[in-house]
Amino acid sequence: MTATTTDPVLSFDEAMARFDPVLGLEVHVELNTVSKMFCGCSTVFGAPPNTQTCPVCLGLPGSMPVVNGKAVEAAIRIGLALNCSIAEWCRFARKNYFYPDMPKNFQTSQYDEPIAYDGWTEVDVDGTTYRIDIERAHMEEDTGKSLHVGGATGRIHGADHSLVDYNRAGIPLIEIVTKPVEGTGAQAPQVARAYVAHLRDLLLGLGVSDVRMEQGSLRCDVNLSLRESPSAPFGTRSETKNVNSLRSVERAVRYETGRQAARLAAGERVVQETRHWHEDTGITTPGRSKEEAEDYRYFPEPDLVPIAPDRAWVEQLKAGLPEPPRERRARLQQEWGFSDLEMRDTVGAGALGLVEETIAAGASPAAARKWWLSEMARRANEQGVELTALAVTPADVARVQALVDEGKVNDKLARQVFDGVLAGEGTPDEVVEKRGLAVVSDEGALSAAVDRAIEANPDVAQKIRDGKVAAAGALIGAVMKEMRGQADAGRVRELILEKLA
Ligand SMILES: [Zn+2]
């Protein structure tokens, strides 16, 4: 069933003319550690349900958790990359609430003592730099996953039973929370998207997560409120949960802006609540009310020792951080000679790393960008996946370009080579071989084909003899058709002009 709503929505421009938006972004990142946060269970994605569990992550009585050192290291590195202070001493806390996918009836999280706090980072939108202040980055564990069966929407309402998979219970999570983001005006939707994209690049660079939004290893809750003017106090916010693509982050901010603006313009108030995001219709619907303060009865986790990271270790981790994303982008743009627009498109398409690897594999920057941003982007779009999920590697793209440069295939044939690679037919060279895609370089065959085209089109041939060289296009087309595209169009043109000179 498609979610619908009767909520009136003001157009984004109208909303911006009357109100000032304030953002708050909470991002959950699943770490890519081999084992879970407090036990040795595997974290591999996609395993059969409930095969990666043990007494600790099932919350059985008497089981004792042990902190995953690698997860703490990742949390500190994330904090440092976001210019945060790293706590000298901090504890885990129990966040008490009941939910069937949380077997302990509390989530082990951090409350008033996060491992990292008071940071900042910067994002660029259309040439403007926005500073995003980071409130905190804290460690916690993921919950299991509920599957509601029998209903139309996949949500619990209307379902006739639910299944629970605890494989995800206890996987290390880092929650990164911004301070209120002000001063973005009409660019709020793009700033929200740019921030999540920036975090994704930063986390990828750190190697701490595979940051796959479509698999839920990076999830974003979007807080938004409106106020009359930038100097007015904050308005009441809504929190749109689990927005799972960059595009949807932008759309969710846009939609909520229009919805809240319509309420405020009509003299109604915005209800403080969580809201569900609907990818198909691009709207949000009400979730849980937050009008009354939730009381999770947090208290320090008594089964875990406090974390007191050695200062020398923290300094060592800081010294070992990779080049920050913005500096890296600036350096690469310089090296590749891309314009601002070309660079923005490359980053926006999530192709920066792919282009970099394709160049490292031997392609020119222009060729690498061309293939990833046109041909590959189109195919990824058709399949509804990220570029990185396509079954073609940067080395494949570099090899296809080399085949073009060597004159073995032309651009049109190159596309067919990619068809074959994506269909799992092997490497570019194997596809050329198997599909017989190489350009015909046999001069005798080409010459014969040109003769046939001239013979079949005497009027065109006469025009060329009379000096109307532009007419050659029709003959080239005829030859290319006969050769099933497998000819070098430049060479065909030369032959035609030689013969009709
Ligand atoms: Zn376990």
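Residues numbered from 1 in each chain as written. Predicted model: local features only at pLDDT ≥ 70, side-chain atom pairs only at ≥ 80, totals over all residues.

Novice: Would you explain the overall build of the protein chain in this entry?
Specialist: Counting its secondary structure elements, the protein chain contains 16 helices and 14 strands. Projecting the C-alpha coordinates of the protein chain onto the three principal axes gives extents of approximately 90 × 55 × 50 Å. Expressed as a percentage of its 501 residues, the buried residues of the protein chain come to 37%. Here the analysis covers contacts within the protein chain between residues at least 6 apart in sequence; of these, 68% occur between residues at least 24 apart. (Helix = DSSP H or I, 4+ residues; strand = E, 2+ residues; numbered from the N terminus. Buried ≥ 20, exposed ≤ 12 C-beta atoms within 10 Å, placed from the backbone. Contact = placed C-beta atoms within 7 Å.)

Novice: What should I look at first to understand unusual backbone geometry in this one?
Specialist: For residues other than glycine, phi is negative in most cases, and the peptide bonds are mostly trans. The phi angle at Asp-118 is positive, at roughly 55°, despite the residue not being glycine. Relative to the elements of secondary structure, Asp-118 occurs in strand 5 (residues 116–125). A residue is classified by how many C-beta atoms lie within 10 Å of it, and Asp-118, with 15 of them, is partly exposed. Positive phi is not limited to glycine here, since Asp-126 has a value of about 45°.

Novice: I would appreciate a short explanation of the sheet that holds strand 6 (residues 128–141) in the present structure.
Specialist: The strands that make up a sheet pair up through hydrogen bonds in the backbone, lying either parallel or antiparallel. Taking strand neighbours across the sheet as the criterion, the 9 strands line up as 2-5-6-9-1-10-11-12-13 in an open arrangement whose pairing is mixed. Looking at which strands have only one partner, the edges of the open sheet turn out to be strand 2 (85–86) and strand 13 (283–289). (Pairing = 2+ DSSP bridges.)

Novice: Is there a simple way to explain the environment of Val-355 in this structure?
Specialist: Mapped onto the elements, Val-355 comes out in helix 8 (residues 352–360). On the basis of neighbour counts, which here come to 28 C-beta atoms within 10 Å, the residue Val-355 falls in the buried class. Taking the C-alpha atoms as reference, Val-355 lies 9.5 Å from Val-397; in sequence the two are 42 residues apart. The contact partners of Val-355, leaving out residues within four places of it in the chain, are Thr-346, Ala-368, Arg-369 and Trp-372.

Novice: Would you take a moment to explain the sheet that holds strand 14 (residues 299–300) for this structure?
Specialist: The strand order across the open sheet formed by 3 strands is 4-3-14, and the pairing between neighbours is antiparallel. Each end of this open sheet is capped by a strand with a single partner; those strands are strand 4 (106–109) and strand 14. Sheet topology note: the strand 3 (residues 93–96)/strand 14 ladder contains 2 bridges and is antiparallel. The partner of Ala-93 across the bridge, within strand 14, is Pro-300.

Novice: Just checking my understanding: could you explain the nonpolar core for this structure?
Specialist: Judged by nonpolar contacts, the single largest core of 63 residues is most densely connected at Ala-75, Ile-78, Ile-115, Ala-137 and Ala-192. In terms of residues, this core owes the most to one element, helix 3 (residues 188–206), which gives 9 residues. Apart from residues no more than four positions distant in its own chain, Ile-78 is found in contact with Ala-116, Ala-137, Ile-174, Leu-203, Leu-206 and Val-208. Counting residues in each nonpolar core, the second largest holds 44 residues, with Ala-351, Met-376, Val-439 and Ile-496 among its members. (Core = buried A, V, L, I, M, F, W, Y, C linked by C-beta atoms within 7 Å.)

Novice: Can you walk me through helix 8 in this structure?
Specialist: Residue pairs three or four apart in sequence face the same way in an α-helix, which turns once every 3.6 residues. Along helix 8, the residues that are buried comprise Leu-352, Leu-354, Val-355, Thr-358 and Ile-359. Seen from one end, helix 8 has its buried residues packed into an arc of 165°, which puts them on one side. Those residues of helix 8 hidden inside the fold are in contact with helix 6 (325–336), helix 7 (340–348), helix 9 (365–383) and helix 10 (394–405). (Arc of directions from axis to C-beta.)

Novice: Would you explain the domain arrangement of the protein chain in this entry?
Specialist: Think of interface size as the accessible area that goes away when the parts come together; that is how it is often given. The domain boundaries assigned to the protein chain delineate domain 1 (12–295), domain 2 (324–435) and domain 3 (443–499). Measuring from the centre of the C-alpha atoms in domain 1 to the corresponding centre in domain 2 gives 32 Å. (Domains from an automatic or database assignment.)

Novice: Can you walk me through the packing of helix 3 against helix 4 (residues 246–265) in this structure?
Specialist: Two quantities define a packed helix pair, namely the angle between the axes and the distance from one axis to the other. Where helix 3 contacts helix 4, the two axes come as close as 8 Å, and the packing angle between them is 150°. When the axis of helix 3 is compared with that of helix 4, the two are roughly antiparallel. Relative to helix 4, helix 3 is oriented so that their crossing is right-handed. Contacts from Ala-188, Pro-189, Gln-190, Ala-192, Arg-193, Val-196 and Ala-197 of helix 3 reach helix 4 at Leu-246, Val-249, Glu-250, Val-253, Arg-254 and Thr-257. When its residues are assigned to classes, the contact of helix 3 with helix 4 shows 8 nonpolar, 2 polar and 3 charged. (Axes fitted to C-alpha atoms, helices over the stretch in contact; angles between N-to-C directions. Parallel < 35°, antiparallel > 145°, perpendicular 65-115°, else oblique. Left-handed = near helix turned anticlockwise from the far one by under 90°. Nonpolar A, V, L, I, M, F, W, Y, C, P; charged D, E, K, R; others polar.)

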